[in-house]
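# Coordinate analysis (summary)
Each chain, written out:
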Amino acid sequence: MQQTLLLIVTLASSATFSSRFTPRYTYVPVAPSAPSTTNLGGLSFADGNDLDPNEVQRFSETFAEKSDWVLSEPYDGEEWKYLDSKGLCTVTFHWANFNDHVEVRDGDDRATTESYTAASLGWDSSAVQGRLSQIELAYAYPNSGAYADFLVISGSDGDGVNWVQASRAFGVSGIGMYVDVTCTSGGDVDAAFTEVLESTAITSS
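Computed from a predicted structure; not experimentally measured.

### Observations concerning the overall build of the protein chain
A tally of helices and strands in the protein chain yields 2 helices and 9 strands. Tracing the protein chain from N to C terminus, the helices and strands come up as β-β-β-β-α-β-β-β-β-α-β. For the protein chain, the proportion of its 205 residues judged to be buried stands at 49%. Approximately 9600 Å² of the protein chain is accessible, and the part contributed by carbon and sulfur atoms is 46%.

### Looking at the nonpolar core
By size, the foremost hydrophobic cluster in this structure holds 33 residues, and its most contacted members are Phe59, Phe150 and Ile202. A per-element tally of this core places strand S8 (residues 175-183) first, with 5 residues. With residues near it in sequence (within four places) discarded, isoleucine 202 still touches Leu43, Arg58, Phe59, Ser60, Ala138, Tyr139, Ala140, Ala148, Phe150, Phe170 and Met177. Core analysis: the second largest hydrophobic core is formed by 9 residues, Phe45, Val128, Leu132 and Ile153 among them.

### Description of the environment of glycine 122
Take glycine 122: it is sitting in the loop between helix H1 (109-121) and strand S5 (133-139). Overall, the relative accessible area of 48% leaves glycine 122 in the partly exposed class.

### Here's the deal with the pairing of strand S1 (residues 57-61)
On a regular strand, each side chain points to the face opposite its neighbour's, so the side chains alternate between the two faces of the sheet. Counting buried residues in S1 gives 5 out of 5 residues, a clear majority hidden from the surface. The alternating pattern of S1 places Gln57, Phe59 and Glu61 and Arg58 and Ser60 on opposite faces, both of which are buried. One ladder, built from 5 bridges, connects S1 with strand S9 (residues 200-204); its direction is antiparallel. Across the sheet, the residue bridging to glutamine 57 is serine 204, located in S9.

### Some words on the sheet that holds strand S3 (residues 79-84)
The strands that make up a sheet are held in pairs by hydrogen bonds between backbone atoms, and each pair lies either parallel or antiparallel. With mixed pairing, the 9 strands of this open sheet are ordered in space as S1-S9-S5-S6-S7-S8-S4-S3-S2. Two strands bound the open sheet, and with one partner strand each, they are S1 and strand S2 (69-73). Averaged over all neighbouring strand pairs, the angle between strand axes comes to 35°, with direction disregarded. Bridge count for S2 against S3 is 4 bridges, and the pairing is antiparallel.

### Structural notes on unusual backbone geometry
Although it is not a glycine, alanine 140 adopts a positive phi angle of roughly 85°. Residue position: alanine 140 is located in the loop between S5 and strand S6 (147-156). If you check the backbone angles, asparagine 143 has positive phi at about 60° while not being a glycine.

### Description of H1
Helical periodicity: at 3.6 residues per turn, an α-helix aligns residues three or four positions apart in one direction. For H1, with 13 residues, the first-to-last C-alpha span of 18 Å sits near the 18 Å given by 1.5 Å per residue. Most of H1 is tucked away, with 12 of its 13 residues classed as buried. Where H1 is buried, its residues meet strand S4 (89-97), S6, strand S7 (162-170) and S8. Once H1 finishes, glycine 122 follows within two positions and takes phi at roughly 75°, a positive value.

### Overview of the environment of glycine 42
Relative to the elements of secondary structure, glycine 42 occurs in the segment before S1. With 103 residues separating them along the chain, glycine 42 and glycine 145 place their C-alpha atoms 8.9 Å apart. Aside from chain neighbours lying at most four places away, what touches glycine 42 is Asp47, Tyr139, Ala146 and Tyr147.

### Some points on the state of the cysteines
Here the structure, examined in full by the defined rule, presents 1 disulfide. Covalently, cysteine 89 is tied to cysteine 183 through a disulfide, its sulfur atoms 2.1 Å apart. Disulfide cysteine 89-cysteine 183: the torsion about the S-S bond is 115°, which places it as right-handed. With cysteine 89 in strand S4 and cysteine 183 in strand S8, this residue pair connects regions lying 94 residues apart in the sequence. You can call cysteine 89 buried: its relative accessible area is 2%. Taking relative accessible area as the criterion, cysteine 183 reaches 1% and is therefore assigned buried.

Cut-offs used in this document
- Residues numbered from 1 in each chain as written.
- Predicted model: local features only at pLDDT ≥ 70, side-chain atom pairs only at ≥ 80, totals over all residues.
- Heavy atoms only, no water.
- Helix = DSSP H or I, 4+ residues; strand = E, 2+ residues; numbered from the N terminus.
- Buried < 20%, exposed > 50% of the residue type's maximum accessible area, 1.4 Å probe, protein only.
- Areas by Shrake-Rupley, 256 points an atom, 1.4 Å probe, with all protein chains shown as cover.
- Core = buried A, V, L, I, M, F, W, Y, C linked by side-chain atoms within 4.5 Å.
- Contact = heavy atoms within 4.5 Å.
- Pairing = 2+ DSSP bridges.
- Axes fitted to C-alpha atoms, helices over the stretch in contact; angles between N-to-C directions.
- Expected span 1.5 Å × (residues − 1).
- Disulfide = S-S within 2.5 Å.

By themselves, these are just geometric observations and shouldn't be taken as functional.
Here you go:
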């Protein structure tokens, strides 16, 4: 049986956000299959209201097992990065307590995630309106059959750089997390993001 690498990191006290490219389109991936009946449950936006405030949400990912990806930047207290074998695409996992630039909507993790997405991109909240799509990442471990809600946004710049970012914020715990795929000219951002969907999950414990 192939072992799944569970990457657990220590929670940082704050998140540092940087500005990003102006979005030119919204990425709308094929919706994953409906969750199977499983004792793992899931983590919808509504489920976020029922979390124990002491629980910590983390990424679980298996990129270190992939021969065509290499850890390019180890965990620095907030994020870590992988680079593909062609040197064209970078996957960034970011995970930390979010700061006061995020508007927490009590009982509404979707709205909190919208604000978090804008803050993580260095944008005003209005800039993400109409540009976000809801998707699902696996919950507990990749391909578990249980899912967690995320919001995804994407864009490109004038030099052929394309990017996709999937984000989730938890109002109860104050934790924000995103996975970003950025590809320079010649890189296949859609294929790389598909690998993210197949190889990434979140946990809450």
